[in-house]
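# A look at the structure
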Amino acid sequence: MDVKIEKSWKELLQPEFDKPYFEGLTGFVRNEYQSKKIFPPPKDIFKAFDLCPFDKLKVVILGQDPYHGPGQAHGLCFSVNHNVPMPPSLVNIYKEIQSDLGKPMPDHGNLEHWAQQGVFLLNATLTVIAHMAGSHQKKGWETFTDEVIRLITEKKEHVVYMLWGNYAGDKAWMIDDKKNLVLKAPHPSPLSAHRGFFGCSHFSKANTYLAEHGLEPIIWA
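Source: prediction; values computed, not measured.

### Re helix α8 (residues 202–212)
If you check which residues of α8 are buried, you get His-202, Phe-203, Ala-206, Asn-207, Tyr-209 and Leu-210. One side of α8 carries all its buried residues, which in axial view fall inside an arc of 165°. If you follow the buried residues of α8, they end up packed against β2 (59–63), α4 (88–101), α5 (112–115), β5 (160–164) and β6 (181–185). Positive phi shows up at Gly-214, right after α8, with a value of about 75°.

Structure follows, in structure tokens:
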């Protein structure tokens, strides 16, 4: 089937788009948008892919679900649109960047500037019903995003994977840690950040690794 997504990803993922499960997923999601309030807006479902072409990808950050509040989700995990209050997990991410790199806290939560530098901000589930966390889990999105991760680790090397929390950490088995850097820490949520997310230094570790392999470090601030 024809999916509107950035060219390099389209070429890579076309076999997946043609599988029966994906056609079923597409039909389900289309019906949900017609009958319910779903986030993100349809044009933003694949924004993580559109802003970070496959050949530019250097870092993968895995989330679980899009934000389910009005105006928040726009297709990038942990990111929110400009002029939307920053969620607590993102505030804690910024606090760790400030501590790790000595950079000031930004005044907005839009992470598109990360994506444009090669940070792939992928949620395992790409859509959600308003105010219902996890409502589109186990509908097929995880099958798709697991294949995305598998293809990245198969076809690229020297990628930094930031796996925060148990859900993301459980994806580590899919990643070849002999040719990539896998960084694991507790989730930046206020419920768990103090258990080891604060002080993890993932952002400086990522930049050191990228530089060691001849890749441009990420401007995180």
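### Some remarks on the environment of Tyr-21
Take Tyr-21: it is sitting in helix α2 (residues 20–35). Through-space distance from the C-alpha of Tyr-21 to that of Thr-143 is 8.6 Å; in sequence the pair is 122 residues apart. Setting aside residues up to four positions removed in sequence, Tyr-21 forms contacts with Glu-16, Gly-140, Thr-143 and Phe-144. At 3.4 Å, the side chain of Tyr-21 forms a polar contact with the backbone nitrogen of Phe-144.

### A closer look at the pairing of β2
Burial analysis of β2 places five of its five residues in the buried class, which makes it a mostly covered element. Judged by which residues are buried, β2 turns out to be covered on both faces: Val-59, Ile-61 and Gly-63 on one side and Val-60 and Leu-62 on the other are all buried. For β2 and β5, the ladder comprises three bridges, and the chain directions are parallel. For Ile-61, the partnering residue across the bridge sits in β5 and is Met-162.

### Thoughts on the environment of Trp-164
Along the chain, Trp-164 falls in strand β5. For Trp-164, a relative accessible area of 2% gives the class buried. Counting along the chain gives 102 residues from Trp-164 to Leu-62, while the straight-line C-alpha distance between them is 7.4 Å. Setting aside residues up to four positions removed in sequence, Trp-164 forms contacts with Ile-61, Phe-78, Ile-93, Ala-185, Pro-186, His-187, Pro-188, Phe-197, His-202 and Phe-203. Within polar-contact distance, the side chain of Trp-164 engages the side chain of His-202 at 3.0 Å.

### Notes on the sheet that holds β6
Overall, parallel pairing links the four strands, which are arranged β3-β2-β5-β6 in an open sheet. What marks the edges here is a single partner per strand, and that holds for β3 (119–123) and β6. Strand-to-strand twist in this sheet, taken as the mean axis angle between neighbours without regard to direction, amounts to 20°. Relative to β6, β5 runs parallel, the two sharing five bridges. Bridge pairing in β6 places Met-162 opposite Leu-183.

Analysis parameters
Residues numbered from 1 in each chain as written. Predicted model: local features only at pLDDT ≥ 70, side-chain atom pairs only at ≥ 80, totals over all residues. Heavy atoms only, no water. Buried < 20%, exposed > 50% of the residue type's maximum accessible area, 1.4 Å probe, protein only. Helix = DSSP H or I, 4+ residues; strand = E, 2+ residues; numbered from the N terminus. Arc of directions from axis to C-beta. Contact = heavy atoms within 4.5 Å. Polar contact = N/O pair within 3.5 Å; in protein donor to acceptor, adjacent residues only side chain to side chain. Pairing = 2+ DSSP bridges. Axes fitted to C-alpha atoms, helices over the stretch in contact; angles between N-to-C directions.

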